Structure formats: structure tokens, C-alpha cells
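Each chain is listed here by its residues.
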Amino acid sequence: MAEAIPTWLVLLFRLPSKQASGRVDVWRRLKRAGALPLGPGGHLLPDSPENRERFEWLAEAVRHYRGEASVLGVRTVGGLEPGALRARFVAARRADYARLLGDAKALARADARSRQAGLARLRKRMQEITDTDYFGGPMRERAEAALQQLAGGAPARVAPGKASRKGFTGRVWLTRPRPGIDRCSSAWLIRNFIDPKARFRFAGDAAAVPEAIPFDMYQPGGFGHRGDHCTFETLVSGFKLRGRGLRLLAEMVHDADLKDEKYGRTEAITIDRILKGWATAGMPDQELLDKGAELIGGLYRSLA
């Protein structure tokens, strides 16, 4: 029988009482990782290769400070249901988003020069929060909208289920740099089922290419995460695409991107890891997107 894959990672550590500076260092790293405290010396993260690496490096840091540390993979934590643990992570990020919204509201009253400088700082904070928003909390869209309003507006939102392919041919499609599983699969879907002549551009801000159709961007507008749907699912739903292969592929991309095991599908996880490896090696964005789309196309054909 295959060994069960852990759902959660737990870091257990203990530092000598004299290591005050080491304690502060470890605490800061845990905060940046978005780890959930579990009582004295215990912290929790959803299981993923990135989070395992985070905890393993933290364990090394604890040992450097002459402490003891272990990283454990577990299925359950104190009898709590997975939904309850996810809710704790969402609540932790809700507080971060609330503080960012408060700062954005204050910044809106500042002069133009101060607002521009402050917006750059808020965007950096937004990126840090979303990096640890493991379960897509509902406050995220509010924060994104507030930052876009500070920047001077946003492209009109395309409502899921309302899109027509007639108005989406021969267009420029914009997404963030360093595309991963959701963006590469979405680009494959766009080119094969929505806009065969699609051209793709990369930018961190949708306003950088105002004529483009944004997808999987942090700002509101275009096509992105909706509720618990990843961008690929939003596109499938928005353009009313049908077929068993697309349905199965959407489930695979969802589980690889959101890592919530909603469908229990692991087929696309390896593709996600390959893309991360290529990105780490410095592969250009367009090549990443094209190669990722080729892998997704192969996976889709295998479903036929």
C-alpha cells in the first residue's frame, strides 16, 4: 500500500533561553512564512514543497542557534478538521488585509507624490500577504480593488459565465511574470479554445498594458481566481467550455495550484514543480509559458 501523503507540516523547535536574538530571527521568519502557531514551540503550514523547504531551513537556523528542531508531516492536528485549520489561516490573513485596507484608505487622502510612493510600498506588502494566503481568503479581492483604485482605476471586470468568444479573438493577453501551472494552463486554454491568435505579455500591473486582457493578475479585472476557482476554472466557466477532458484537466490544475486537495488529483503537481524548477533556472517568461502549455497539452491529450 502506498504511503499516505501528509496534509500539513509542523515545525517543532526549542531554543536556549539565552538565545534572545535567535528567537527574534526565527519568529520573524515564521511570520514571513505565514505559519500558524500551535502552542509553545510548534508552528503549522500547509504541506507543499515550498513550505517544506521553508521549515527545513528554519530548522537549520534553530540548530545554528544551538536549539533543537524537527519538521513533521501530519494528516491531522489535535483532532481539528481540515476546514477548521484552513479557517485559521484565512483569519490570520484577514487581519493582514484589514491593516492594508486601513493604510490604503489613509493614503487616499495624501497628495499625489506621497500616494505614488506609498502605493509602491502597499503593493509590496500585498505581494507578501498573498504569498502566504494559502487558501484565498475573501478579503483579498477587497484589498486588490483598493490598491487598483489608488492607482487610478481598473479594467472592467468580466463576469464569469458572461464572456463570448466573439470579442476575444486576436487579442493581447496579459499575466504576471514567472508563470506557473495556472497561468501556463490558462494560456494553453486561451490559445486552443478561445483565441487561436492570442499573443501574451507579462507585467506586474494590469495598467502597464491597458489594451490587454488580464488573466491571473492580482488586480481586479479580466479573468482570475473567483471564489474557490483557479483562473483556469474561471476561464472554462466564463466561456462555457465543455468536455470531459477539460473538466478533468480543470480539477488537476485546481489541485496543483491551490493545493487544497479538493478533487484528490495529483497528475498536474509534477508539471507545477517542473515549471518552478525552470523558473529558478532563469528560463525567460515566454519560454516558460510556451513549454508549460506544451506539457498541459500533452496531459490533456492523454485524457482523450
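This text gives an overview of the structure that appears in the document. (Residues numbered from 1 in each chain as written. Predicted model: local features only at pLDDT ≥ 70, side-chain atom pairs only at ≥ 80, totals over all residues. Heavy atoms only, no water.)

### A short note on the nonpolar core
Working step 1: Within the largest apolar cluster, 38 residues are counted, with the highest numbers of intra-cluster contacts made by Trp173 and Phe232.
Working step 2: Secondary structure elements with two or more residues in this core: helix H6 (181-194), helix H7 (231-238), helix H8 (244-258), helix H9 (269-280) and helix H10 (285-303). (Core = buried A, V, L, I, M, F, W, Y, C linked by side-chain atoms within 4.5 Å. Buried < 20%, exposed > 50% of the residue type's maximum accessible area, 1.4 Å probe, protein only. Helix = DSSP H or I, 4+ residues; strand = E, 2+ residues; numbered from the N terminus.)

### Examining the packing of aromatic side chains
Working step 1: Using the criterion set out here, one finds 14 aromatic pairs in the structure.
Working step 2: Ring centres of Trp173 and Phe215 lie 6.3 Å apart, and the angle between their planes is 70°; on these two criteria the pair is classed as edge-to-face. Here Trp173, found in strand E5 (residues 172-175), pairs with Phe215, found in the loop between strand E7 (213-214) and H7; they are 42 residues apart in sequence, far enough to count as distant. Across the pair, Phe215 and Trp173 agree in class, each one buried.
Working step 3: On the basis of an interplanar angle of 55° and a centroid distance of 5.0 Å, the ring pair of Trp188 and Tyr300 is categorised as tilted. Of this pair, Trp188 sits in helix H6 while Tyr300 sits in helix H10, and the two are 112 residues apart along the sequence.
Working step 4: Cluster of aromatic residues (ring-pair linked, three or more members): Phe168, Trp173, Phe200, Phe215, Phe223 and Phe239.
Working step 5: The ring of Trp278 carries Lys291 above its face, with NZ or CZ at 5.8 Å from the centroid. (Phe/Tyr/Trp six-rings, centres within 6.5 Å; stacked < 30°, edge-to-face > 60°. Lys NZ or Arg CZ within 6 Å of the ring centre and 35° of its normal.)

### Observations concerning H10
Working step 1: A rise of 1.5 Å per residue sets the reference length of H10, with its 19 residues, at 27 Å; its end C-alpha atoms lie 27 Å apart and thus fit the reference within 8%.
Working step 2: By the burial criterion, the buried members of H10 are Asp285, Leu288, Leu289, Gly292, Ala293, Ile296, Gly297, Leu299 and Leu303. Angular distribution of buried residues about the axis of H10 spans 165°; they occupy a single face of the element. H10 presents Glu294, Arg301 and Ser302 as exposed residues on the side facing more than 90 degrees away from its buried surface.
Working step 3: Where H10 is buried, its residues meet H6, strand E6 (199-202), H8 and H9. (Expected span 1.5 Å × (residues − 1). Arc of directions from axis to C-beta. Contact = heavy atoms within 4.5 Å.)

### Topic: the sheet that holds strand E4 (residues 68-74)
Working step 1: With respect to topology, four strands assemble into an open sheet ordered E2-E3-E1-E4, the strand pairing being antiparallel. What marks the edges here is a single partner per strand, and that holds for strand E2 (36-37) and E4.
Working step 2: Of the pairings in the sheet, the one linking strand E1 (residues 8-14) to E4 comprises seven bridges and is antiparallel in character. In the strand pairing of E4, Leu9 is matched with Gly73. (Pairing = 2+ DSSP bridges.)

### Regarding the packing of H8 against H10
Working step 1: The interhelical angle for the contact between H8 and H10, taken along N-to-C directions, is 130°, at an axis separation of 9 Å. On the basis of the axis angle, H8 is oblique to H10. The interaxial crossing formed by H8 with H10 has right-handed handedness. For the pair H8 and H10, the contacting residues are Arg244, Gly245, Leu246, Leu248, Leu249 and Met252 in the first and Ile296, Leu299, Tyr300 and Leu303 in the second.
Working step 2: Taken together, the residues of the contact of H8 with H10 sort by class into eight nonpolar, one polar and one charged. (Axes fitted to C-alpha atoms, helices over the stretch in contact; angles between N-to-C directions. Parallel < 35°, antiparallel > 145°, perpendicular 65-115°, else oblique. Left-handed = near helix turned anticlockwise from the far one by under 90°. Nonpolar A, V, L, I, M, F, W, Y, C, P; charged D, E, K, R; others polar.)

### Re the sheet that holds E6
Working step 1: The parallel open sheet is built from three strands, whose spatial order is E6-E5-E7. Each edge of the open sheet carries a strand with a single partner, namely E6 and E7.
Working step 2: Of the pairings in the sheet, the one linking E5 to E7 comprises two bridges and is parallel in character. Pairing of Trp173 across the sheet is with Ile213, part of E7.

### Looking at the pattern of salt bridges
Working step 1: Enumeration according to the criterion identifies 17 salt bridges in this entry.
Working step 2: Between Glu50 and Lys276 there is a salt bridge whose closest N-O contact spans 3.5 Å. Linking Glu50 in helix H2 (residues 49-64) with Lys276 in helix H9, this pair joins segments that are 226 residues apart in sequence.
Working step 3: A salt bridge links Glu60 to Arg63, with the nearest nitrogen and oxygen atoms 2.8 Å apart. With a gap of three residues between them, Glu60 and Arg63 both fall in helix H2, about one helical turn apart.
Working step 4: Overall, the relative accessible area of 37% leaves Arg63 in the partly exposed class. (Salt bridge = Lys/Arg side-chain N within 4 Å of Asp/Glu carboxyl O.)

### A few points about the pairing of E1
Working step 1: The element E1 is extensively covered by neighbouring structure, given that five of its seven residues are classed as buried.
Working step 2: Taken together, the five bridges between E1 and strand E3 (residues 42-46) define a ladder with antiparallel strand orientation. Residue pairing for E3: Leu11 is matched across the bridge by His43.

Read these as spatial facts, not as claims about activity.
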